[in-house]
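Each chain, letter by letter, is given below.
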Amino acid sequence: MASSQAGAKVERFGIKLCLIWAGLSVGVAFLATPAKFLAPSLSLPVALEIGQQTFRVYSGAEFALLVLLMVLGVWSKARGRWYLSLTVPGAIILTQAFWLVPALDLRVSAVQAGLSPLPQSNLHMTYIVAEVIKLLWLLIIGLGESFLGARELVVSHDDLANERAPIRVRRALWS
């Protein structure tokens, strides 16, 4: 019983971490990053350099959250689902770290070297789409307990022999 309670606490903590990660994503990728380009006193090369540093720190924070969630999965009651739910955000941050960000950094270096205008690229849009998918996935994990996992299944008394009141059954997201 104690092990089951510990597993449930770990899962609740993991869900909270997913929501913190989602909030971090909103704050960095969807608020702070576009906002710096609105500052009229910031030149494009400086704004891009700030962006590089911001995303370096952001990437490190995401890796730390992913590793922490992977370690917490050891104590989950449903390890398979726990790890499966982390595959999408994990794959996205690996793709961003090892392909998208380095490719975007090359473009930043070109702008800083005065080689603009650069040819059109879909890299930014690809990054944004990946970030939206990751954000939605994290929100589903984090809020799924409220919207999906904890929905109640009402069994009427007609379905049960000699029962008068309906029985409510809760299903947890991770179980």
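Described below are features of the structure shown in this document. (Residues numbered from 1 in each chain as written. Predicted model: local features only at pLDDT ≥ 70, side-chain atom pairs only at ≥ 80, totals over all residues. Heavy atoms only, no water.)

### Quick notes on the overall build of the protein chain
Spelled out, the test is: Secondary structure elements follow DSSP: runs of H or I of four or more residues count as helices, runs of E of two or more count as strands, with numbering from the N terminus. Two residues form a contact once any of their heavy atoms are found within 4.5 Å. Only the protein chains shown count as cover for residues, and all accessible areas are computed by the Shrake-Rupley method using a 1.4 Å probe.
Secondary structure assignment for the protein chain yields 5 helices and 2 strands. Reading the protein chain from its N terminus to its C terminus gives the helix and strand order α-α-α-α-α-β-β. Taking all contacts inside the protein chain whose residues are at least 6 apart in sequence as the whole, residues at least 24 apart take part in 67%. Surface exposure of the protein chain reaches about 10,800 Å², of which carbon and sulfur atoms provide 69%.

### A few points about the side chain of S85
The condition is simple: For every residue, the accessible area (1.4 Å probe, protein chains only) is compared with the maximum for its type, and the residue is labelled buried under 20%, exposed over 50%, or partly exposed between those bounds. The definition of a polar contact used here is a pair of N or O atoms within 3.5 Å, where within protein one atom must be able to donate a hydrogen and the other to accept one, and adjacent residues in sequence count solely through side-chain atom pairs.
In this fold, S85 is placed in helix α3 (residues 79–85). Here S85 falls in the buried class, since its relative accessible area comes to 12%. One polar contact links the side chain of S85 to the main-chain carbonyl oxygen of W82, over a distance of 2.7 Å.

### Regarding the packing of aromatic side chains
Short version of the rule: The criterion for an aromatic pair is that two Phe, Tyr or Trp rings (for Trp, the six-membered ring) have centres within 6.5 Å, with stacked assigned to planes under 30 degrees apart, edge-to-face to planes over 60 apart and tilted to the rest.
Counting across every chain of the model gives 2 aromatic pairs. Between F55 and Y58 the ring centres are 5.8 Å apart and the planes differ by 75°, which places this aromatic pair in the edge-to-face class. With F55 and Y58 both in helix α2 (residues 44–72), this residue pair falls 3 residues apart, about one helical turn. With respect to burial, F55 and Y58 carry one shared label: buried. Between F55 and Y127, the aromatic rings sit 5.5 Å apart at their centres with planes inclined by 85°, giving edge-to-face as the arrangement. Of this pair, F55 sits in helix α2 while Y127 sits in helix α5 (residues 123–149), placing them 72 residues apart in sequence. Pairwise contacts between aromatic rings join F55, Y58 and Y127 into one cluster.

### Focus: the side chain of K36
Applicable threshold: When charges are counted, Lys and Arg are positive and Asp and Glu negative, with His and the chain ends excluded. A pair is scored as a salt bridge if a Lys or Arg side-chain nitrogen falls within 4 Å of a carboxyl oxygen belonging to Asp or Glu.
By secondary structure assignment, the location of K36 is in helix α1 (residues 2–36). We note that K36 is buried and unpaired, the nearest opposite charge coming from D105 at a distance of 11 Å.

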